[in-house]
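Here are the chains, one letter per residue:
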Amino acid sequence: ILNVEQSPQSLHVQEGDSTNFTCSFPSSNFYALHWYRWETAKSPEALFVMTLNGDEKKKGRISATLNTKEGYSYLYIKGSQPEDSATYLCAFMIYNQGGKLIFGQGTELSVKP
Amino acid sequence: NAGVMQNPRHLVRRRGQEARLRCSPMKGHSHVYWYRQLPEEGLKFMVYLQKENIIDESGMPKERFSAEFPKEGPSILRIQQVVRGDSAAYFCASSRDGFSGNTIYFGEGSWLTVV
């Protein structure tokens, strides 16, 4: 059974704090790693698709890194804002099973003003 | 450019009835995926379809569930003889193709309640 683990499960920070979450995935048969931001009652919003070991991606104050050899990815948020409050999901795609995402349980971020 | 459109957003069915959930992918996308979120659980893959073909149905329950993506029209997820355990949020997603680097875009989900 392939497992994708995210930590922490939830995080409460103050506005302006920087924060980071971890996504752990199997290091074998890697194809891609996806990050999503998900607010309640909305569709999961695609943040990043990462495919190469050492990849670093950035979108505004949010960035992500990827280590496929050891099977982890970090998501960083610099200077958190209340509108960053959401659940952040990572999803692993297996080689030769393109299209099938295996999701972690998510990290729920709450940013207090 | 409209996103992935799902309807209905909310559906209530009595046990034994049929539920049909529809999904229109983003323009230019020919790959569609269905995921399910059961209460207190994460998103779980159900099925991956291309136009008129099922590519991977490894996550579909063996009975009562079927999916199609016809040449014309939306993708349909069909649940026959629904039971209480089918109550869940069903999410559709689409992509331009099945390559690793492509973004998979999700719809807002269809919430099925079986009473």
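Values in this document were obtained by computation on a predicted structure and should not be read as measured data.

Chemist: So what exactly am I meant to see when it comes to the overall build of chain A here?
Modeler: When helices and strands are counted, chain A shows zero helices and eleven strands. Ordered by position in the sequence, the α and β elements of chain A form the string β-β-β-β-β-β-β-β-β-β-β. Its C-alpha atoms give chain A principal-axis dimensions of roughly 45 × 30 × 20 Å. In chain A, buried positions account for 50% of the 113 residues. Considering only contacts within chain A whose residues lie at least 6 apart along the sequence, 53% involve residues at least 24 apart. A total accessible area of about 5,600 Å² is found for chain A, and carbon and sulfur atoms account for 44% of it. Counting 10 positive and 11 negative side-chain charges, chain A places the centres of these two groups 4 Å from one another.

Chemist: What am I meant to see in the packing of aromatic side chains here?
Modeler: Each aromatic ring pair is described using two quantities: the centre-to-centre distance and the angle formed by the ring planes. By the definition in use, this model includes 15 aromatic pairs over all chains. Between A:Phe103 and B:Tyr35, the ring centres sit 5.7 Å apart and the planes meet at 90 degrees, which makes this aromatic pair edge-to-face. Placement of the pair is A:Phe103 in strand 10 (residues 101-103) and B:Tyr35 in strand 4 (residues 31-37), with the two residues belonging to separate chains. Look at A:Phe103 and B:Phe106: their rings are 5.9 Å apart centre to centre, the planes differ by 75 degrees, and that puts the pair in the edge-to-face class. With A:Phe103 in strand 10 and B:Phe106 in strand 10 (residues 105-106), the pair connects residues from two separate chains. When sorted by exposure, A:Phe103 lands in the same class as B:Phe106, which is buried. An aromatic cluster is defined as three or more aromatic residues linked by ring pairs; in this entry it consists of A:Tyr36, A:Phe103, B:Tyr35, B:Phe45 and B:Phe106.

Chemist: I tried to follow the pattern of salt bridges on my own but got confused; where do I start?
Modeler: Working definition: two side chains of opposite charge can pair if their charged atoms are close together. All names here are of chain B. Summed over the entire model, instances satisfying the criterion amount to nine salt bridges over all chains. The partner of glutamate 108 in a salt bridge is arginine 9, with the nearest N and O atoms 2.9 Å apart. Residue glutamate 108 is located in the loop between strand 10 and strand 11 (110-114), and its partner arginine 9 is located in the loop between strand 1 (5-7) and strand 2 (10-13); the two are separated by 99 residues in the primary sequence. Of the charged contacts, one joins arginine 64 and aspartate 86 as a salt bridge, the two residues approaching to 2.7 Å between their closest N and O atoms. Within this pair, whereas arginine 64 is found in the loop between strand 6 (53-56) and strand 7 (65-68), its partner aspartate 86 is found in the loop between strand 8 (75-79) and strand 9 (88-95), the two being separated by 22 residues in sequence.

Chemist: Could you clarify how one ought to interpret the sheet that holds strand 3 (residues 19-24) of chain A in this entry?
Modeler: Pairing between sheet strands relies on hydrogen bonds along the backbone, with the strands arranged either parallel or antiparallel. Residues and elements named next belong to chain A. Read from one edge of the open sheet, five strands run 1-3-8-7-6, paired in antiparallel fashion. Each edge of the sheet is formed by a strand with only one pairing partner; in this case those strands are strand 1 (5-7) and strand 6 (56-59). Within the sheet, the average angular offset between the axes of one strand and its neighbour, ignoring direction, is 15 degrees. Bridging between strand 1 and strand 3 involves three bridges; their strand directions are antiparallel. When the sheet's bridge partners are listed, glutamine 6 is paired in strand 3 with cysteine 23.

Chemist: Sorry if this is basic, but what is going on with the pairing of strand 6 of chain A here?
Modeler: Successive side chains on a regular strand alternate, one facing one side of the sheet and the next facing the other. Residue and element names in this part refer to chain A. The pairing of strand 6 with strand 7 (residues 62-67) spans four bridges and is classified as antiparallel. Bridge assignment links lysine 59 to a residue of strand 7, and that residue is isoleucine 62. Between strand 6 and the antiparallel strand that follows it, strand 7, lie two residues; glycine 60 among them carries a positive phi value of about 65 degrees.

Chemist: What exactly am I supposed to notice about the interface of chain A and chain B here?
Modeler: Put simply, an interface is often sized by how much accessible area is lost when its parts join up. Counting residues at the interface gives 21 residues for chain A, matched by 23 residues for chain B. Summing both partners gives a buried area of about 1,700 Å² for chain A against chain B, and 62% of it is carried by carbon and sulfur. For chain A, the biggest contributors to the area lost against chain B are A:Trp38, A:Lys100 and A:Phe103; these three give 25% of the whole. Seen at the junction of chain A and chain B, the total is zero salt bridges. Taken together, chain A and chain B are joined by four residue pairs in polar contact (both at pLDDT 80 or more). When contributions to the side of chain A that touches chain B are tallied by element, the ones reaching two or more residues are strand 4 (30-38), strand 5 (45-50), strand 9 (86-94) and strand 10 of chain A. The leading source of residues in the side of chain A that touches chain B is strand 4 of chain A, at five residues.

Reading the values: rules and limits
Residues numbered from 1 in each chain as written. Chains lettered and ligands numbered in written order. Predicted model: local features only at pLDDT ≥ 70, side-chain atom pairs only at ≥ 80, totals over all residues. Heavy atoms only, no water. Helix = DSSP H or I, 4+ residues; strand = E, 2+ residues; numbered from the N terminus. Buried < 20%, exposed > 50% of the residue type's maximum accessible area, 1.4 Å probe, protein only. Contact = heavy atoms within 4.5 Å. Areas by Shrake-Rupley, 256 points an atom, 1.4 Å probe, with all protein chains shown as cover. Lys, Arg positive; Asp, Glu negative; His and termini not counted. Charge placed at Lys NZ, Arg CZ, Asp CG, Glu CD. Phe/Tyr/Trp six-rings, centres within 6.5 Å; stacked < 30°, edge-to-face > 60°. Salt bridge = Lys/Arg side-chain N within 4 Å of Asp/Glu carboxyl O. Pairing = 2+ DSSP bridges. Axes fitted to C-alpha atoms, helices over the stretch in contact; angles between N-to-C directions. Buried area = accessible area lost by both parts, 1.4 Å probe. Polar contact = N/O pair within 3.5 Å; in protein donor to acceptor, adjacent residues only side chain to side chain.

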